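The residues making up each chain are set out below.
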Amino acid sequence: MDEFTTCSLEYLPENILIDVLSYLSIRELVRAGRVCKRWRRLVKDQRLWRLVDLTAWKGTTSRILWALLRQYLGCGLRCLRLRGLLLSVRGGTFLSEAWLKALSTRCPRLGRLYLLHADLRSLPSCQLLPPSLKVLELRGCELPHGFFNQDLPTLSPACAGATSSAKQKERPAPSGISIESLILNNVPSFKDHHLQSLTSWQRLSRLELCDTFRVTANGLRSCAAKDGTCGVEGLFRLKSLEISITIRQGYQLQMASFGLGAGWLGLEELSLGGKEVAHGLLCVSRLKDLKRLYLKACTIREMQIVRSCRMLRDLAGLHRLEFLDVVFQLRLCPPEGEGEEEQEGEGMPAGGDNVNSEGKPDEPISKLHRTLAVLLPCCTLTYSNCSVRYNEP
C-alpha cells in the first residue's frame, strides 16, 4: 500500500490531463504551459484550441494575437471570439491584414468568427477574413464604407475566347465569400449600401439585423429577392431573416420591416423583435414562401395579433408561430381587488390550455390561444416566457 500513499499528476495519462486542462481559460492555459516541458507540449494539443474565447481578456492587442497564433492556434481551431479595442482607452490597431492572412494559413478549418467592439475601418474588405468562415458575427463594431464588397476575378473576352471549353471545365470557378450566416448586433455604421453589397454573396442564407437602426425600408426593399429582367434578383438565396430594434429611446428609427411589404421570394423564416414587430406584422402576409414566424421581446395588443393572424391565413406554407418574451395586452379588466397581474405561459402546444402553479387553467392566455388556434388551424403555436397585461380601464 506504500506505493499508493503519494499521488502526482505525473501518474495520470495524457488524455486525462488534456481533459483537465480543457476547463481552464485561455489565459490560465497559457500560464499552465510554463510549468514544465510536458505541460507545454500538452497545452499545445489542438483539442484544447477548438473554441478560443478572448472576449473576457480585456486589452487584447495585436502583439498578444501574434503570440497566440504562432505558438498555439492551428488546424484544430473551429471558433474564434475576439474583443477589440474600440472602447479601450489605449486604442490602436487590432486586426491587421498580415495577421488575418497568417490566420487563414494556420487555421484552415476556422468556421465561426465573433468580433466584439472591434474597429474594422483599417480593413478595406471582408475578403481579407479567412475563406473557410461560415458564420460571421459582429457586435458593437465599426465598419468601413466598402467592407462587404466582393470583387471576383473575371476573365477578359480575349482570354475567354482563346481558352478552349475543355480547359475551362478543368479550371476552378473564382471563389467568392463563403459566409453562410451573418449576424449584426448593435452595429451603427451598417447602412443601406452595406446591405446592397450582400447581394453579391453567393452563399448567404441567414441574416440577423439587431439594432442596426440605420437600415431603412427602402434599403431592405431594394435587396429583397424578386423577379427581374435577368431572373431572380437581390438576396434570393436568403432563407432566414431577423429584424429587431430593442435600443433605448432617443434614436431616429427607420422601421426597416416596412420593406417586407414588397414581398421576398424564397424567405422561409422570419424573426421580428422589439419595435419592428408592429410594423412587420403588417407586411408578413406578402411573404408567400414563409414557413416559420417568430415574434420576440415586444408588447402586442389583442386586436393587433388577431388581425394579423387573419392575414396570415393566406400563407399556405406557414406551420409555426412562436412568441418569445411577449406581453399580450388584453382588453379585459382584472378581477376586483387583484389589480394588474401577469401570468406565464411556456411551451403551450396548439389546442392545449396553459396551467398555472395550482393546476387550474389560465383563462386569459387560454382564451387568446384558442382564438389564434381557430384562425390558424394548421399552424403550431408556441409560447415561451409570455405574460398577460390588462389595459387600464
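Structure shown above.
What you see is a predicted model; the values in this text were computed from it and never measured. (Residues numbered from 1 in each chain as written. Predicted model: local features only at pLDDT ≥ 70, side-chain atom pairs only at ≥ 80, totals over all residues. Heavy atoms only, no water.)

A. Layout of the overall build of the protein chain. When helices and strands are counted, the protein chain shows 12 helices and 14 strands. By residue count, 45% of the 393 residues in the protein chain fall in the buried class. Within the protein chain, counting contacts between residues at least 6 apart in sequence, those at least 24 apart form 71% of the total. Of the accessible surface of the protein chain, which amounts to about 21,000 Å², a share of 51% is contributed by carbon and sulfur atoms. (Helix = DSSP H or I, 4+ residues; strand = E, 2+ residues; numbered from the N terminus. Buried < 20%, exposed > 50% of the residue type's maximum accessible area, 1.4 Å probe, protein only. Contact = heavy atoms within 4.5 Å. Areas by Shrake-Rupley, 256 points an atom, 1.4 Å probe, with all protein chains shown as cover.)

B. Molecular detail of helix 5 (residues 97–106). Of the positions making up helix 5, those classed as buried are Trp99, Leu100, Ala102 and Leu103. Each buried residue of helix 5 lies within a common arc of 160° when the element is viewed along its axis, so the set occupies one face. The exposed residues of helix 5 that point more than 90 degrees off its buried face are Lys101 and Thr105. (Arc of directions from axis to C-beta.)

C. Structural context of the environment of Arg70. Take Arg70: it is sitting in helix 4 (residues 62–71). Counting along the chain gives 33 residues from Arg70 to Leu103, while the straight-line C-alpha distance between them is 9.5 Å.

D. Examining the pairing of strand 11 (residues 292–301) more closely. Pairing geometry for strand 10 (residues 269–274) and strand 11, over 5 bridges, is parallel. Among the inter-strand pairings, Ser271 is bridged to a residue of strand 11, identified as Tyr294. Of the pairings in the sheet, the one linking strand 11 to strand 12 (residues 320–330) comprises 9 bridges and is parallel in character. Bridge pairing in strand 12 places Thr299 opposite Val327. This β-α-β element, strand 11 to helix 11 (residues 302–312) to strand 12, shows right-handed connectivity. (Pairing = 2+ DSSP bridges. Right-handed = clockwise from strand over helix to strand, strands pointing away.)

E. A look at the pairing of strand 2 (residues 79–83). In terms of strand pairing, strand 1 (residues 51–53) meets strand 2 through 3 bridges, oriented parallel. Bridge pairing links Asp53 to Arg81 in strand 2. Read from strand 1 through helix 4 to strand 2, the crossover connection turns out right-handed.

F. Looking closely at the environment of Ala297. Relative to the assigned elements, Ala297 resides in strand 11. Expressed as a C-alpha distance, the spacing of Ala297 and Val277, which sit 20 residues apart in the sequence, is 9.0 Å. The contacts of Ala297, once residues within four sequence positions are left out, are Gly273, Gly274, Leu324 and Asp325.

G. Focus on the nonpolar core. Counting residues in each nonpolar core, the largest one holds 103 residues, and the members touching the most others are Phe148 and Trp264. Looking at this core, the element that brings in the most residues is strand 12, giving 5 residues. Beyond its immediate stretch of four places on either side in the chain, Trp264 contacts Leu220, Cys223, Ala224, Ala225, Leu235, Leu238, Leu241, Leu287 and Asp289. (Core = buried A, V, L, I, M, F, W, Y, C linked by side-chain atoms within 4.5 Å.)

H. The arrangement of the packing of aromatic side chains in detail. By the definition in use, this model includes 7 aromatic pairs. With a centroid separation of 5.8 Å and an interplanar angle of 75°, the aromatic rings of Phe148 and Phe190 are classed as edge-to-face. Of the two residues, Phe148 sits in the loop between strand 4 (135–139) and helix 6 (157–162) while Phe190 sits in the loop between strand 5 (181–185) and helix 8 (192–197), which places them 42 residues apart along the sequence. Both residues of the pair, Phe148 and Phe190, count as buried. Their ring planes at 15° and their centres at 5.3 Å tell us that Phe323 and Tyr383 sit as a pair that is stacked. On the criterion of sequence distance, the pair formed by Phe323 in strand 12 and Tyr383 in strand 13 (residues 380–384) is long-range, its members being 60 residues apart. On the basis of relative accessibility, which here comes to 1%, the residue Tyr383 falls in the buried class. Of the aromatic side chains, those joined through ring pairs into one cluster are Phe147, Phe148, Phe190 and Trp201. Looking at Arg81, its charged tip hangs above the ring of Tyr114, at a distance of 4.0 Å from the centre. (Phe/Tyr/Trp six-rings, centres within 6.5 Å; stacked < 30°, edge-to-face > 60°. Lys NZ or Arg CZ within 6 Å of the ring centre and 35° of its normal.)

I. Molecular detail of the pattern of salt bridges. Tallied over the entire structure, the rule returns 11 salt bridges. Linking Arg206 and Glu269 is a salt bridge whose minimum nitrogen-to-oxygen distance equals 3.3 Å. Taken as a pair, Arg206 in strand 6 (residues 206–210) and Glu269 in strand 10 lie far apart in primary sequence, 63 residues in all. With a relative accessible area of 13%, Glu269 lands in the buried category. (Salt bridge = Lys/Arg side-chain N within 4 Å of Asp/Glu carboxyl O.)

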